[in-house]
Amino acid sequence: MNERTATPSRRKIGLALGSGLARGWAHIGVIRGLRRLGLEPDIIAGASIGAVVGGLYLANKLDELEQWALQLTKKKIINFLDLRIRTGGLIGGEKVTDEIRRYVGETKIEDLGKPFTAVATDLVTGHEVWLQKGSIVDAMRASFAMPGVFTPVKMQGRWLLDGALVNPVPVAACRALGADMVIAVNLNSDIIGKSRKQGTSFPSAAGFDLLKMIDQTGDDGGPTVDSMARRVFRRESDSPSLFGVMVATLNIMQDRITRSRMAGEPPDVMIAPRLGNVGLLEFDRAEDAIAEGELAVSRVRPEIADALSVLAQTVVSEENS
């Protein structure tokens, strides 16, 4: 495949960006890698962090997102955690939402210029919800509302949670929006058995000692935690915390759901960055994740070329019929 590959005429390419919190910075690298191959997606569907990166990309704010991600430190991450133990989650999410709004303002999904879907889950019915209209910030916020971690969001008369609960890599949404070829990005393909620090037998959910960092930052005006929250984050030296068990369980669930959905709704190309050593809250590792996203694209260049070839042959066949 040449360094730049033109998209076959009259055919739409969809990009399904999967869930994975801090691992989601790899989506930036994937988009960069695809653009170097001459591929610009016509349709984007995202779940959780995939909705955030995909939405900001379509809002022409990918450069700003990358610059912001690269300057994050653990201390800055802690300061974004507005802990609210009694409101349906450990983290309110308002600080993160305000940061996103700073870049896109009151932009609506209808203003993006290309079809976009943020996938969420109805808390009451368990139905998969495709957010395709209205505030892009509100849609992103609902899509990344990981249960127990971020508080749920009320939209259109429904309480919504993380889209990863029902569709971690939303290939079907891309197809429904008219994609003839779908490239999917699975951030959780190698996390099972790897999301722990060397020398331990239990998962490290955040990727670092969250409670210790909160205590250190609290002296500088950062968040503080009460006794109840301490019980959630505290762990013994040889066992996981409640928070760690909860998030590790969600990881396992996402992995199994992804495998099932991919079996029934396979993409044309699967990109799987190797991010098993990145904790879910290690947003300060953007440089590593972005680089791995680009590498993941390079590893599947032959598959991308094959899929484009099939797409081109379909176009020629239809034109001759």
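What follows deals with the side chain of threonine 121. Looking at the secondary structure, you find threonine 121 in strand E4 (residues 116-122). Looking at threonine 121, its side chain comes within polar contact range of the main-chain oxygen of aspartate 162, at 2.8 Å. Residue contacts for threonine 121: discarding those within four places in its chain leaves Gly126, His127, Val129, Trp159, Leu160, Leu161, Asp162, Gly163, Leu165 and Val166.

Turning to the environment of leucine 70, a few remarks are in order. In this fold, leucine 70 is placed in helix H3 (residues 62-70). Sequence spacing of leucine 70 and tryptophan 25 is 45 residues, and the spatial spacing of their C-alpha atoms is 9.5 Å. If near-sequence neighbours (up to four positions away) are discounted, leucine 70 is found in contact with Ala286, Glu287 and Ile290.

Packing of helix H1 (residues 26-36) against helix H11 (residues 286-299) brings their axes to within 6 Å, and their N-to-C directions diverge by 40°. Judged by the angle between their axes, H1 and H11 are oblique. Crossing of H1 against H11: the hand is right-handed. Contacts from Ala26, Ile28, Gly29, Val30, Arg32, Gly33, Leu34 and Arg36 of H1 reach H11 at Ala289, Ile290, Gly293, Glu294 and Val297. Tallied by class, residues from the contact of H1 with H11 come to seven nonpolar, three polar and three charged.

Next up on the list: the pairing of strand E8 (residues 158-162). Two elements, E4 and E8, share three bridges in a ladder whose sense is antiparallel. Across the sheet, the residue bridging to alanine 120 is aspartate 162, located in E8. Alignment of strand E7 (residues 153-155) against E8, held across three bridges, turns out to be antiparallel. Bridging across to E8, methionine 155 finds its partner in arginine 158. The antiparallel pairing of E7 with E8 creates a hairpin that spans two residues between the two strands, and glutamine 156 there sits at a positive phi of about 50°.

As a further point, take the pattern of salt bridges. Any two side chains of opposite charge can pair, so long as their charged atoms come close to each other. Scanning all chains against the criterion turns up 18 salt bridges. The partner of glutamate 66 in a salt bridge is arginine 32, and the shortest N-O contact between them spans 2.6 Å. You can see glutamate 66 sitting in helix H3 and its partner arginine 32 sitting in helix H1, a full 34 residues away along the chain. Notably, a salt bridge pairs glutamate 99 with arginine 102, separated by 2.6 Å at the nearest N-O pair. Here the residue glutamate 99 and the residue arginine 102 both occupy positions in helix H5 (residues 94-104), the gap between them amounting to three residues, near one helical turn. Among the residues examined, glutamate 99 registers a relative accessible area of 13% and is labelled buried. Among the residues examined, arginine 102 registers a relative accessible area of 56% and is labelled exposed. Through salt bridges with shared partners, one network takes in Arg32, Asp63 and Glu66.

Geometry of an aromatic ring pair is reported as the spacing of the ring centres plus the angle between the planes. Taken as a whole, this structure holds three aromatic pairs when the rule is applied. For the pair tryptophan 25 and tryptophan 68, a centre-to-centre distance of 6.2 Å together with 80° between the ring planes defines the contact as edge-to-face. With tryptophan 25 in the loop between strand E1 (13-17) and H1 and tryptophan 68 in helix H3, this pair connects stretches of sequence that are 43 residues apart. You can call tryptophan 25 buried: its relative accessible area is 3%. A relative accessible area of 17% means that tryptophan 68 is categorised as buried. Plain terms: the ring middles of tryptophan 25 and phenylalanine 283 are 5.8 Å apart, the flat faces sit at 70° to each other, and that makes the pair edge-to-face. Remark: phenylalanine 283 occurs in the loop between strand E10 (269-271) and H11 and tryptophan 25 occurs in the loop between E1 and H1; sequence separation between them is 258 residues.

Quick notes on the rules
Residues numbered from 1 in each chain as written. Predicted model: local features only at pLDDT ≥ 70, side-chain atom pairs only at ≥ 80, totals over all residues. Heavy atoms only, no water. Helix = DSSP H or I, 4+ residues; strand = E, 2+ residues; numbered from the N terminus. Polar contact = N/O pair within 3.5 Å; in protein donor to acceptor, adjacent residues only side chain to side chain. Contact = heavy atoms within 4.5 Å. Axes fitted to C-alpha atoms, helices over the stretch in contact; angles between N-to-C directions. Parallel < 35°, antiparallel > 145°, perpendicular 65-115°, else oblique. Left-handed = near helix turned anticlockwise from the far one by under 90°. Nonpolar A, V, L, I, M, F, W, Y, C, P; charged D, E, K, R; others polar. Pairing = 2+ DSSP bridges. Salt bridge = Lys/Arg side-chain N within 4 Å of Asp/Glu carboxyl O. Buried < 20%, exposed > 50% of the residue type's maximum accessible area, 1.4 Å probe, protein only. Phe/Tyr/Trp six-rings, centres within 6.5 Å; stacked < 30°, edge-to-face > 60°.

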